[in-house]
Amino acid sequence: MDTGTHVVMGVALGGLATLDPVVNADPDLFNAVLIGTMIGSQAPDSDTVLKLRNNAVYIRHHRGITHSIPAVILWGIGIPGIIYLFTPEVNFLHLWLWTFLAVILHVFVDVFNAYGTQAYRPITKRWVAYGFINTFDPYIFTLHIAGIVAWNLGANPGTLWLIIYFVIALYYLKRYFDKRELVRLIHENIKDVTQIATSPTMKQNVWRVAITTPTHYYVGRAENGHLTILDTFTNKPIDYDDPVIQKALTDHNIKAFLSFSPVYRYEMSYYDEYTEVRFIDLRYRSRGRYPFVALAQIDDEHGDNLKILNSYTGWVFTEEKLQNKVSPM
């Protein structure tokens with residue numbers, strides 16, 4: 001989920017903690033728990049600082065190890081441990097329980113959007129992305145804002161947030177069944193489907209889909225139970241025997257892209273000075289373009305002595321901006 005949603009979820013868990021008699025009876029413990037749930041609901045996204053290095057590092061590691069099973073355990077112990085150093089008079093067990101729940105809930109809700117997480121590390125490094133909740137869901141966010149307002153107006157926080165989270169749980173079930181129906185629709189219309197990547201939009205009845213078959217990729221839009229195929233591409237396997245491809249696959253930007261993207265195509269463009277290898281994520285079609293890409297420009301004029309001249313991975317919405325990203329300074 002987005003940062004704003006994680007913030008309001010931290011507040012909500014602080015309010016929900018008042019259902020705990022020990023927390024409700026101790027104002028100091030409640031304050032410590034609220035701090036713990038607020039920090040715990042943000043901690044796994046601390047890897048956002050990797051953006052300061054470069055896109056490749058960020059893409060390869062964001063929602064990776066910081067969302068893993070060992071990290072969740074460390075966040076769950078470390079955050080309340082630090083808070084307890086400043087408030088040794090509070091009940092550590094209950095502080096730990098609610099803070100740990102905030103960390104777990106952060107990772108849990110992240111697996112339901114299209115971006116996903118590596119939540120099952122170290123068991124597996126595969127990305128877990130169930131793709132039926134938008135990264136920013138206006139319904140979930142609005143329910144939290146309404147709850148915070150009602151709490152400030154005097155509503156009982158424990159009962160209030162229990163009701164709101166029950167409604168949100170029902171909403172998750174609805175979206176799960178919406179996706180099941182979408183998958184059924186795709187299988188009815190396209191044969192030999194091997195993979196489906198779904199991306200919900202902020203409109204309940206509109207989905208983006210990227211579909212893989214042994215021979216083609218289909219990029220489409222589903223609206224009100226109707227599937228429209230917008231683009232079709234040949235499913236061309238990567239030619240690992242091509243020296244230019246081999247060189248491109250050693251580049252850190254290309255590696256980062258391939259470690260993250262589950263459905264993509266690639267193309268090669270030949271110029272006088274270099275050959276460009278470009279990988280294109282098919283999940284994020286926007287205004288007829290595919291803005292999430294990785295490319296490497298390979299100097300292949302000297303036989304086997306190939307050299308990567310420039311490379312890039314990230315979000316670029318115009319070709320001009322993309323070329324500016326890879327042009328040497």
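Cut-offs applied
Residues numbered from 1 in each chain as written. Predicted model: local features only at pLDDT ≥ 70, side-chain atom pairs only at ≥ 80, totals over all residues. Heavy atoms only, no water. Salt bridge = Lys/Arg side-chain N within 4 Å of Asp/Glu carboxyl O. Helix = DSSP H or I, 4+ residues; strand = E, 2+ residues; numbered from the N terminus. Buried < 20%, exposed > 50% of the residue type's maximum accessible area, 1.4 Å probe, protein only. Domains from an automatic or database assignment. Contact = heavy atoms within 4.5 Å. Buried area = accessible area lost by both parts, 1.4 Å probe. Polar contact = N/O pair within 3.5 Å; in protein donor to acceptor, adjacent residues only side chain to side chain. Nonpolar A, V, L, I, M, F, W, Y, C, P; charged D, E, K, R; others polar.

Our focus in this paragraph is the pattern of salt bridges. Pairs may arise between side chains of opposite charge once their charged atoms sit close together. Applying the stated criterion to the full structure yields 10 salt bridges. Linking Lys-174 and Asp-178 is a salt bridge whose minimum nitrogen-to-oxygen distance equals 2.7 Å. With Lys-174 and Asp-178 both in helix H8 (residues 157-189), this residue pair falls four residues apart, about one helical turn. A relative accessible area of 39% means that Lys-174 is categorised as partly exposed. In this structure, the salt-bridge partner of Arg-184 is Glu-181, at a minimum N-O distance of 2.2 Å. Taken as a pair, Arg-184 and Glu-181 lie in helix H8 at a separation of three residues, close to a single helical turn. By relative accessible area, Glu-181 is classed as partly exposed at 41%. What emerges from the salt-bridge pattern is a single network uniting Lys-174, Arg-175 and Asp-178.

We now examine the domain arrangement of the protein. As far as domains go, the protein holds domain 1 (3-166), domain 2 (175-232) and domain 3 (243-326). For domain 1 versus domain 2, the distance between C-alpha centres works out to 31 Å. Listed per partner, the contact involves nine residues of domain 1 and 10 residues of domain 2. Contact between domain 1 and domain 2 buries roughly 820 Å² in total, counting both sides, with carbon and sulfur atoms accounting for 61%. Counting every contact that joins domain 1 to domain 2 gives zero salt bridges. Taken together, the connections running from domain 1 to domain 2 amount to five residue pairs in polar contact (both at pLDDT 80 or more). Of the residues contributing to the side of domain 1 that touches domain 2, the split by class is seven nonpolar, two polar and no charged.

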